[in-house]
2 protein chains.
Amino acid sequence: MEFDESLDKKGMKAILLDFPNQFAKGLEVGNALVVAAKPRKVFFAGMGGSALPGDIAVACFPAASMSVHKDYGLPNGISKQDLLIAVSYSGNTEETIDCAQQALELGCPIVAVASGGKLKEFAERNGIPFAAVPKGIQPRIALGYQFAACAKALEAAGISGVSNKVLEVALFIEKEKPAVESLAQQCAAASFDKIPVLYCSTELWPAARIAKIAFNENGKVPSFWNVFPESNHNELVGFTRFAEKFHFFFLHSTDDHPRVKKRMQITRALMQEKGATVTDLELKGSNSMQRIFYSVLLFMLAGYYTALAYGQDPFPVQMVENLKSALDK
Amino acid sequence: MEFDESLDKKGMKAILLDFPNQFAKGLEVGNALVVAAKPRKVFFAGMGGSALPGDIAVACFPAASMSVHKDYGLPNGISKQDLLIAVSYSGNTEETIDCAQQALELGCPIVAVASGGKLKEFAERNGIPFAAVPKGIQPRIALGYQFAACAKALEAAGISGVSNKVLEVALFIEKEKPAVESLAQQCAAASFDKIPVLYCSTELWPAARIAKIAFNENGKVPSFWNVFPESNHNELVGFTRFAEKFHFFFLHSTDDHPRVKKRMQITRALMQEKGATVTDLELKGSNSMQRIFYSVLLFMLAGYYTALAYGQDPFPVQMVENLKSALDK
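Residues numbered from 1 in each chain as written. Chains lettered and ligands numbered in written order. Predicted model: local features only at pLDDT ≥ 70, side-chain atom pairs only at ≥ 80, totals over all residues. Heavy atoms only, no water.

**Thoughts on the overall build of chain A**
Turning to step 1, where the next piece is worked out: In terms of regular secondary structure, chain A is built from twelve helices and nine strands.
Turning to step 2, where the next piece is worked out: Scaling as 2.2 N^0.38, a compact globule of 329 residues should have a C-alpha radius of gyration of about 20 Å, and chain A matches this with 20 Å.
Turning to step 3, where the next piece is worked out: Overall size of chain A, expressed as C-alpha extent along the three principal axes, is 60 × 45 × 40 Å.
Turning to step 4, where the next piece is worked out: For chain A, restricting intrachain contacts to residue pairs at least 6 apart in sequence, the fraction spanning at least 24 positions comes to 78%.
Turning to step 5, where the next piece is worked out: Looking at chain A, you have 34 positive and 34 negative side-chain charges, and the mean spots of the two groups are 3 Å apart. (Helix = DSSP H or I, 4+ residues; strand = E, 2+ residues; numbered from the N terminus. Rg over C-alpha atoms; globule rule 2.2 N^0.38 Å. Contact = heavy atoms within 4.5 Å. Lys, Arg positive; Asp, Glu negative; His and termini not counted. Charge placed at Lys NZ, Arg CZ, Asp CG, Glu CD.)

**Topic: the packing of helix H7 (residues 162–190) of chain A against helix H11 (residues 288–309) of chain A**
Residues and elements named next belong to chain A.
Turning to step 1, where the next piece is worked out: One can describe the packing of H7 onto H11 by two numbers: an axis separation of 8 Å at closest approach and a directional angle of 35°. Note that H7 runs across H11; the crossing there is right-handed.
Turning to step 2, where the next piece is worked out: Class assignment for the residues of the contact of H7 with H11 results in 18 nonpolar, three polar and five charged. (Axes fitted to C-alpha atoms, helices over the stretch in contact; angles between N-to-C directions. Left-handed = near helix turned anticlockwise from the far one by under 90°. Nonpolar A, V, L, I, M, F, W, Y, C, P; charged D, E, K, R; others polar.)

**What about the interface of chain A and chain B?**
Turning to step 1, where the next piece is worked out: Facing the 60 residues of chain A at the interface are 61 residues of chain B.
Turning to step 2, where the next piece is worked out: Between chain A and chain B lies a buried interface of about 5,800 Å² when both sides are counted; carbon and sulfur atoms form 64% of it.
Turning to step 3, where the next piece is worked out: Inspection of the chain A/chain B interface yields ten salt bridges.
Turning to step 4, where the next piece is worked out: The partner of Glu95 of chain A in a salt bridge is Arg263 of chain B, with the nearest N and O atoms 3.1 Å apart. (Buried area = accessible area lost by both parts, 1.4 Å probe. Salt bridge = Lys/Arg side-chain N within 4 Å of Asp/Glu carboxyl O.)

**Here's the deal with the sheet that holds strand E5 (residues 130–132) of chain B**
All names here are of chain B.
Turning to step 1, where the next piece is worked out: Taken together, five strands build an open sheet; the order of strands is E2-E1-E3-E4-E5 and the sheet is parallel. Sheet topology places strand E2 (66–69) and E5 at the edges, where each strand pairs with a single neighbour. Within this sheet the neighbouring strands show an average axis-to-axis angle of 15°, counted without direction.
Turning to step 2, where the next piece is worked out: Here strand E3 (residues 83–88) pairs with strand E4 (residues 110–114) via five bridges, running parallel. Residue Val87 lies in a different strand from E4, and its bridge partner there is Val113.
Turning to step 3, where the next piece is worked out: Along the sheet face, helix H4 (residues 94–106) touches strand E1 (42–45), E2, E3 and E4 and points at about 155° away from the line of E3. (Pairing = 2+ DSSP bridges.)

**Side note on the sheet that holds strand E2 (residues 66–69) of chain A**
Residue and element names in this part refer to chain A.
Turning to step 1, where the next piece is worked out: Here we have five strands laid out as an open sheet, ordered E2-E1-E3-E4-E5, and parallel in their pairing. Every other strand in the sheet has two partners, leaving E2 and strand E5 (130–132) as the edge strands with one partner each. Looking at each pair of strands side by side, their axes are set apart by 15° on average, direction ignored.
Turning to step 2, where the next piece is worked out: Two elements, strand E4 (residues 110–114) and E5, share three bridges in a ladder whose sense is parallel.

**Brief notes about the relation of the copies chain A and chain B**
Turning to step 1, where the next piece is worked out: Least-squares fitting of chain A to chain B yields an RMSD of 0.0 Å, with the superposition described by an axial translation of 0.0 Å and a rotation of 180°. On this basis, the relationship between the two copies can be described by a two-fold rotation axis. Using C-alpha coordinates, one finds that chain A approaches the rotation axis most closely at Phe224 of chain A, a distance of 3.7 Å. (Least-squares fit on C-alpha atoms with pLDDT ≥ 70 in both.)

**Side note on the environment of Gln265 of chain B**
Turning to step 1, where the next piece is worked out: Tracing the backbone shows Gln265 of chain B in helix H10 (residues 258–273).
Turning to step 2, where the next piece is worked out: In sequence terms Gln265 of chain B and Asn31 of chain B are 234 residues apart; their C-alpha atoms lie 45 Å from each other.

**Brief notes about helix H8 (residues 205–217) of chain B**
All names here are of chain B.
Turning to step 1, where the next piece is worked out: The end-to-end C-alpha distance of H8, which contains 13 residues, comes to 18 Å, matching closely the 18 Å that a straight helix rising 1.5 Å per residue would cover.
Turning to step 2, where the next piece is worked out: Here H8 lies mainly inside the structure; twelve of its 13 residues are buried.
Turning to step 3, where the next piece is worked out: Among the residues making up H8, those that are buried are Pro206, Ala207, Ala208, Arg209, Ile210, Ala211, Lys212, Ile213, Ala214, Phe215, Asn216 and Glu217. (Expected span 1.5 Å × (residues − 1). Buried < 20%, exposed > 50% of the residue type's maximum accessible area, 1.4 Å probe, protein only.)

**A word on the domain arrangement of chain A**
Residue and element names in this part refer to chain A.
Turning to step 1, where the next piece is worked out: Here chain A is described as being made up of domain 1 (31–160) and domain 2 (176–309).
Turning to step 2, where the next piece is worked out: A C-alpha centroid distance of 29 Å is found between domain 1 and domain 2.
Turning to step 3, where the next piece is worked out: Listed by partner, the interface residues are eleven residues for domain 1 and 15 residues for domain 2.
Turning to step 4, where the next piece is worked out: The interface formed by domain 1 and domain 2 contains one salt bridge.
Turning to step 5, where the next piece is worked out: One salt bridge in this structure joins Arg209 and Asp55, with 3.0 Å as the shortest N-O distance.
Turning to step 6, where the next piece is worked out: Across the contact surface, domain 1 and domain 2 share two residue pairs in polar contact (both at pLDDT 80 or more).
Turning to step 7, where the next piece is worked out: For the side of domain 1 that touches domain 2, the leading source of residues is helix H3 (residues 52–60), giving five residues. (Domains from an automatic or database assignment. Polar contact = N/O pair within 3.5 Å; in protein donor to acceptor, adjacent residues only side chain to side chain.)

**Remarks on unusual backbone geometry**
A negative phi angle characterises most non-glycine residues, just as the trans form characterises most peptide bonds.
Residues and elements named next belong to chain A.
Turning to step 1, where the next piece is worked out: The omega torsion across Phe228 and Pro229 is 5°, close enough to zero to call that bond cis.
Turning to step 2, where the next piece is worked out: With respect to the element layout, Pro229 can be found in the loop between strand E7 (224–228) and helix H9 (235–238).
Turning to step 3, where the next piece is worked out: A positive phi angle, near 65°, is found at Phe242, a position not held by glycine.

**Digging into the pairing of strand E3 (residues 83–88) of chain A**
All names here are of chain A.
Turning to step 1, where the next piece is worked out: Of all six residues that make up E3, six are buried, and the element is covered over most of its length.
Turning to step 2, where the next piece is worked out: Across the two faces of E3 the burial is the same, with Leu83, Ile85 and Val87 and Leu84, Ala86 and Ser88 all buried.
Turning to step 3, where the next piece is worked out: Pairing geometry for strand E1 (residues 42–45) and E3, over four bridges, is parallel. In the sheet register, Ala45 faces E3, and the bridge partner there is Ala86.
Turning to step 4, where the next piece is worked out: Crossover handedness for the path E3 to helix H4 (residues 94–106) to E4: right-handed. (Right-handed = clockwise from strand over helix to strand, strands pointing away.)

**So, the environment of Leu270 of chain B**
Turning to step 1, where the next piece is worked out: Inspection of the secondary structure puts Leu270 of chain B in helix H10.
Turning to step 2, where the next piece is worked out: The class of Leu270 of chain B is buried, set by a relative accessible area of 6%.
Turning to step 3, where the next piece is worked out: Separated by 178 residues in sequence, Leu270 of chain B and Asn92 of chain B place their C-alpha atoms 45 Å apart.
Turning to step 4, where the next piece is worked out: Those residues in contact with Leu270 of chain B that lie beyond four places of it in its chain are Met319, Asn322 and Leu323 of chain A together with Leu236 of chain B.

**Observations concerning the pairing of E2 of chain B**
Residue and element names in this part refer to chain B.
Turning to step 1, where the next piece is worked out: Here four bridges tie E1 to E2, and the two strands are oriented parallel to one another. Residue pairing across strands places Phe43 opposite Ser67, the latter belonging to E2.
Turning to step 2, where the next piece is worked out: In this fold, E1 hands off to helix H3 (residues 52–60), which returns the chain to E2; that crossover is right-handed.

**Regarding the packing of H3 of chain B against helix H11 (residues 288–309) of chain B**
Residue and element names in this part refer to chain B.
Turning to step 1, where the next piece is worked out: Packing of H3 against H11 brings their axes to within 9 Å, and their N-to-C directions diverge by 145°. Judged by the sense of rotation from one axis to the other, the crossing of H3 with H11 is right-handed. On H11, the residues touching Ile56, Ala59 and Cys60 of H3 are Ser288, Met289, Ile292 and Phe293.
Turning to step 2, where the next piece is worked out: Of the residues belonging to the contact of H3 with H11, the class tally is six nonpolar, one polar and no charged.

What follows is the structure in structure tokens.
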């Protein structure tokens with residue numbers, strides 16, 4: 001399959017290939033995120049690409065008391081002993097601003113991560129620790145900056161060893177990058193003209209969800225995700241019909257539960273019988289954080305190549321821009 | 001559109017229309033679920049249709065400390081002060097049995113809901129309070145029994161007023177049933193030959209998710225779901241392409257956040273521009289529980305009619321049976 005890189009008017013590929021370098025910069029700006037006392041729990045507020053740092057943190061530190069709020073207002077059960085980490089790449093996400101405002105009124109400690117905008121002004125006005133991530137890209141491809149900045153806030157909140165794991169991730173995906181780039185082209189080619197569906201184990205759920213988002217946002221194609229074993233109990237039977245419209249990516253990990261491994265193997269065969277095509281992929285890495293970021297890099301690039309395959313510039317998200325201007329009216 | 005009811009060999013429609021009567025029976029068998037002391041938190045274990053009672057409880061009692069585990073093993077952060085409500089319609093769901101076994105070893109209080117099977121034996125062997133729901137249907141259409149039995153366990157655990165809300169739900173959906181039946185036919189006709197996608201507000205998420213499952217299991221068609229406002233930030237742009245393959249159901253509630261209402265209205269127009277078809281539906285009811293069960297009844301029936309529209313018996317779930325026999329090998 002041919003990929004016409006001249007469609008990439010904004011130099012998105014260069015940004016994606018520079019992704020491993022975002023982590024060190026993110027840790028640096030994250031030093032500003034001072035937390036006075038160990039909170040009872042941590043809640044993130046963010047939408048879309050700016051919700052992903054929280055999702056990944058929740059998956060990678062399952063024993064910590066953490067959650068992610070993707071809505072207006074406050075999540076239930078929050079008190080002023082709880083730390084809010086507010087993340088908005090543009091700084092102007094209305095749901096996140098609304099949440100931060102209400103958390104301030106409740107008296108919660110808050111730290112904020114943005115490239116500028118209203119969230120920056122809000123932080124300055126209220127003496128809230130603020131990490132300024134570099135401007136000018138897009139939330140979904142600023143994940144390295146944002147996640148690393150949040151890692152510093154988590155350390156400040158008493159979760160130890162996060163920065164070291166982040167630095168290891170940066171080194172790991174830098175090393176994997178050349179192989180990942182060619183694998184990403186294969187993924188784009190395999191799912192061309194089909195609807196990509198991503199499956200992984202429950203533990204690694206952001207690996208499948210972020211891959212789905214990368215197909216949506218970079219590739220501009222519908223894409224869906226689910227986890228094992230739960231998807232076996234309902235979604236499976238839906239592929240009785242129309243299975244030929246879908247391409248499945250089964251994202252495996254050496255640490256998957258033995259029964260989940262067996263379920264994936266059987267499900268693969270059942271899907272193929274119904275006419276679906278399937279790609280099996282091993283999520284490389286020695287822990288959840290490495291495996292999830294391996295998936296991030298792989299599918300950000302697969303989404304990029306998917307857009308090129310359809311003759312489209314992967315950078316703009318025109319439907320989101322149209323939505324935003326209609327919302328502002 | 002014609003629906004050939006002679007395809008319904010197992011009398012599934014009669015079971016669905018009897019759904020409102022399940023609640024009273026479920027409350028009755030739920031009386032067996034004695035809880036000795038108020039737990040620190042409540043966690044449900046269940047898969048597929050047997051996870052839905054927990055999902056609905058979490059959505060309807062957001063201030064209570066509750067979660068749902070859909071996997072092998074124990075969720076993180078569980079201690080012996082926490083109550084497990086183990087639900088498995090057949091009683092033989094391996095993930096749920098595994099979780100219950102580990103909870104027993106940890107010393108958690110446990111109550112169990114099943115129609116028989118290994119979970120019943122486990123309960124008898126270990127002196128665990130057990131609610132026996134009627135046998136012979138399928139987990140997804142036994143939700144009234146299972147949810148009402150769980151409601152009694154929640155009351156026993158100190159969450160007051162659950163039974164009354166359940167009884168109100170039963171009366172409410174019985175009253176709505178005639179109108180819902182004809183609406184369900186319209187939904188099946190509107191989404192015929194397309195992939196149904198269900199959207200609702202974050203608060204009501206089980207309303208969209210259970211509808212998706214009903215299309216999968218009763219209708220045997222692929223179907224997906226998401227929530228507002230989050231889906232606006234990533235999934236939206238995926239419908240740049242292939243939108244004509246999808247039919248969207250926007251599930252509204254009078255209590256939706258004003259900005260969510262506006263987002264849904266704008267998104268509807270954007271999807272239609274791309275060639276998708278859309279049905280707007282008001283989830284009737286005066287609280288979340290009523291709105292969610294309104295969606296359950298409507299889409300269980302819409303899934304039923306979808307199967308008939310494709311010339312298929314809505315009852316069997318052949319792919320799940322094939323999976324189970326392969327897993328047992």
